[in-house]
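# Structural description and commentary
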Amino acid sequence: MKSLLIMVVCMLSALGLADTRVEEGNREGYLHLGNGAEPESLDPHLTTGVPEHQIISALMEGLIREDGKTLKPKPGVAKSWEQSEDGTVFTFALREDAKWSNGDPVTAKDFVFSYRRMLSPQLGAEYAYMLYVIKNGRGFNQGLLEDPESLGVKALDDHTLEITLEQPSPYFLNMLNHYAFYPVHEPTLRKYGAVNERGNPWAREGRYVGNGPFRLEEWSLKEQIFVSKSPTYWNREAMKLKGIFFYPVEDQQTEERMFRSGLLHKTGSVPLPRLPYYQKNKPGLLYSHPYLTTYYYLINTRKAPFDDVRVRQALSLSLQRELLTEKILKGGQKPAKWFTPPGTGGFQASHLLEEDLVKAKKLLADAGYPEGKGFPKFELMYNTSESHRTIAQVVQQMWKRNLGVECELVNKEWQVYMVTRRELDFDVARAGWAGDYADPHNFLDLHLSGGGNNHTGWGSEKYDRLIDKAAGTTDSEARFKLYDKAEEILLEEMPVIPIYWYTQNYLIDPSVKGWSPNILDRHDYTEVYLESAK
């Protein structure tokens, strides 16, 4: 039914019998965005994906926002802040006019409550480890400390928040615009259930209370999410958009047709077969820029035969990454030579991934599978996307041709895919890690033992010690040396197979203004506006 409706609207628009969404949106001030997938949740403490972030960042606001062009911290709920001389204590002065969408004032106590909730062992938040930067955050989250007062977060008064860190952290301020650090409205959570209950249904249409520039008006599953300009937002007078429609369109071909028919101002991606057309014929509609993201495959190291490092190494060594990026993707992507994208916060690893078919075959033979004989057929899982399927098909062929091993491709829609990953109910799975902030720590703490986003079952005490030591090292050169050693361990153990570093490619209508490309592909909706064609 949804596809049929889209086709009818596309036909009417093409025939000029009706204004397109884009034309109407330009007149009225409504932005129409392709979101890629249906969000798992809009609870900022329980999500981990890009589709969720794109919506939550419209509904919620943290202490700090980011400049759309430079990504440098700028005031959010906090109008100013001070840092102690030793770099471990931050004092934030909160705006007196910051309000929740129901009119309640946003106070320092809201952030204390929210950080305690995020770190609660009962909630089991995947991103809880990001708050380990806060004093006693790790101990509280792991149940070693039971008193929430032990956490380094204190409300000095209604509009003054003090955060004490475990140790100086050069990237702390940049972390604060991540949704793991967003506040939630305590009375609303208590109204609908236990505050630390994962199934608490507060984050739904008709119930959602946020503090961001927009408020949730409609959530029609598999159809659209609509947010409108919040009348209680402190900076509402500077905003030009009246609202945003997010469309969970997983099929890239459908999304591209919607763009051509004037149903979308912006797509989430571009189908691989259509990239050359836009590059040659309509470059003004194509945004292509570096994106701090690594495309990789997760390996379930708890399953045989993938518990053997020789098997994992063989799978990686047999991949022809340059062939994939230059002949298949052709969108400016670069073969991944290590995990952290090059230049992340100035970091560059020195240990490089190899492409060595001879070595790969020997490793597989040493593991007991000469020429792939006796190697069990396994599953390669990916979430719904034309691009992911194409890449999986190419990798499938490479492994069969180069190693003699066979895998079956398994496609799952976003929500099921994420649950399957978390439960380690897979053999090999597609994954992508988009930087939450531009520092190597954000890519390398992903693989900490037992980390909420470590979906491989792998862990290394040596690796953990390196990451923990780097977190407290303020000298950049010394810190990068520690990260370099951690990268070396990743390449030796290969719990993940880096494949390529992203270039972000999407289509955007010329009427969209204030949309500044940046390496995190994050955008401040309060700076975006629409301009009708003259």
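For the structure given in this document, a descriptive report is provided here.

### Thoughts on the overall build of the protein
From N to C terminus, the protein includes 17 helices and 18 strands. Relative to a compact globule of 534 residues, whose C-alpha radius of gyration would be 24 Å, the protein shows 23 Å and is just as compact. In terms of overall dimensions, the protein has a C-alpha envelope of 70 × 65 × 40 Å along the principal axes. Taken over 534 residues, the protein has a buried fraction of 58%. Pairs at least 24 apart in sequence give 70% of the contacts found in the protein among residues at least 6 apart. About 21,800 Å² of surface is accessible on the protein, with carbon and sulfur atoms providing 49% of the total. Positive and negative side-chain charges in the protein, numbering 63 and 72 respectively, have mean positions lying 4 Å apart.

### Notes on the pattern of salt bridges
Counting across every chain of the model gives 27 salt bridges. Between aspartate 43 and arginine 117 there is a salt bridge whose closest N-O contact spans 2.8 Å. Taken together, the residues span a long stretch of sequence, with aspartate 43 in the loop between β1 (30-34) and α3 (50-59) and arginine 117 in helix α4 (residues 108-119) at a distance of 74 residues. Of the residues examined, aspartate 43 reaches a relative accessible area of 2% and is grouped as buried. A relative accessible area of 2% places arginine 117 in the buried class. Here arginine 65 ties to glutamate 61 by a salt bridge, and the two come within 2.5 Å at their closest N and O atoms. Exposure remark for glutamate 61: the relative accessible area of 1% places this residue in the buried category.

### A few points about a negative patch on the surface
Side chains of Glu379, Glu408, Glu423 and Asp425 sit close together on the surface and give a patch of like negative charge. Following the sequence through the fold, glutamate 379 ends up in strand β13 (residues 378-383).

### Points about the environment of tryptophan 458
Note on placement: tryptophan 458 falls in the loop between α15 (440-444) and α16 (461-471). Taking C-alpha positions, tryptophan 458 is 9.3 Å from methionine 494, a pair spaced 36 residues apart along the chain. Not counting chain neighbours up to four residues away, the residues in contact with tryptophan 458 comprise Thr301, Arg312, His447, Ser449, Tyr463, Ile489, Leu490, Glu493 and Pro495.

### Notes on the nonpolar core
Judged by nonpolar contacts, the single largest core of 114 residues is most densely connected at Leu63, Phe92, Tyr115, Leu161 and Phe181. Among the elements that take part in this core, α4 stands out by supplying seven residues, more than any other. Filtering out sequence-adjacent residues up to four positions away, leucine 161 remains in contact with Leu63, Phe90, Thr91, Phe92, Leu94, Ala108, Phe111, Val112, Val153 and Lys154. Counting 47 residues, the second largest nonpolar core, distinct from the first, contains Tyr295, Leu324, Tyr502 and Leu507.

### Thoughts on the packing of aromatic side chains
Following the criterion strictly, the structure yields 37 aromatic pairs and no others. Here phenylalanine 347 and tyrosine 483 contribute two aromatic rings whose centre-to-centre distance is 6.2 Å and whose plane-to-plane angle is 75 degrees, an arrangement assigned as edge-to-face. Taken as a pair, phenylalanine 347 in the loop between β12 (334-335) and α12 (357-366) and tyrosine 483 in helix α17 (residues 476-493) lie far apart in primary sequence, 136 residues in all. Pair check on accessibility: phenylalanine 347 and tyrosine 483 agree, each one buried. Site record: aromatic cluster; members linked through ring pairs are Tyr291, Tyr295, Tyr297, Phe306, Tyr369, Phe375, Phe378, Trp399, Tyr500 and Tyr502. Of note, arginine 95 hangs over the ring of tryptophan 234, and the distance from its end group to the ring centre comes to 3.4 Å. Directly above the aromatic system of tyrosine 506 lies the positively charged group of lysine 266, at a separation of 4.4 Å from the ring centroid.

### A few points about the environment of tyrosine 297
In this structure, tyrosine 297 sits in strand β11 (residues 286-299). Judged by relative accessible area, tyrosine 297 falls into the buried class, the value being 0%. C-alpha of tyrosine 297 to C-alpha of alanine 431: the two residues are 134 residues apart in sequence and 5.6 Å apart in space.

### A look at α3
Of all the 10 residues making up α3, eight are buried; the element is thus mostly covered by neighbouring parts of the structure. In this structure, the buried residues of α3 make contact with β8 (214-220), β9 (224-229), β10 (243-247) and α14 (414-422).

### Observations concerning the pairing of β11
In terms of burial, β11 is a largely internal element, 11 of the 14 residues being buried. One ladder, built from 10 bridges, connects β11 with strand β16 (residues 496-507); its direction is antiparallel. Across the sheet, leucine 286 pairs through a bridge with leucine 507, a residue of β16.

### Details of a positive patch on the surface
There is a patch of like positive charges on the surface, built from Lys462, Arg465, Lys469 and Lys485. Mapped onto the secondary structure, lysine 462 falls in helix α16. Exposure remark for lysine 462: the relative accessible area of 54% places this residue in the exposed category.

### A few points about the pairing of β13
On a regular strand, each side chain points to the face opposite its neighbour's, so the side chains alternate between the two faces of the sheet. Burial runs high along β13: five of the six residues are buried. Judged from the six bridges that link them, β13 and strand β14 (residues 407-412) form a sheet pairing that is parallel. In the sheet register, asparagine 383 faces β14, and the bridge partner there is lysine 412. In the sheet, β13 pairs with strand β15 (residues 428-434) via two bridges, with the strands oriented parallel. For leucine 380, the partnering residue across the bridge sits in β15 and is valine 428.

Cut-offs used in this document
Residues numbered from 1 in each chain as written. Predicted model: local features only at pLDDT ≥ 70, side-chain atom pairs only at ≥ 80, totals over all residues. Heavy atoms only, no water. Helix = DSSP H or I, 4+ residues; strand = E, 2+ residues; numbered from the N terminus. Rg over C-alpha atoms; globule rule 2.2 N^0.38 Å. Buried < 20%, exposed > 50% of the residue type's maximum accessible area, 1.4 Å probe, protein only. Contact = heavy atoms within 4.5 Å. Areas by Shrake-Rupley, 256 points an atom, 1.4 Å probe, with all protein chains shown as cover. Lys, Arg positive; Asp, Glu negative; His and termini not counted. Charge placed at Lys NZ, Arg CZ, Asp CG, Glu CD. Salt bridge = Lys/Arg side-chain N within 4 Å of Asp/Glu carboxyl O. Patch = residues over 30% accessible without salt bridge, like charges linked within 9 Å, V, L, I, M, F, W, Y side chains within 5 Å. Core = buried A, V, L, I, M, F, W, Y, C linked by side-chain atoms within 4.5 Å. Phe/Tyr/Trp six-rings, centres within 6.5 Å; stacked < 30°, edge-to-face > 60°. Lys NZ or Arg CZ within 6 Å of the ring centre and 35° of its normal. Pairing = 2+ DSSP bridges.

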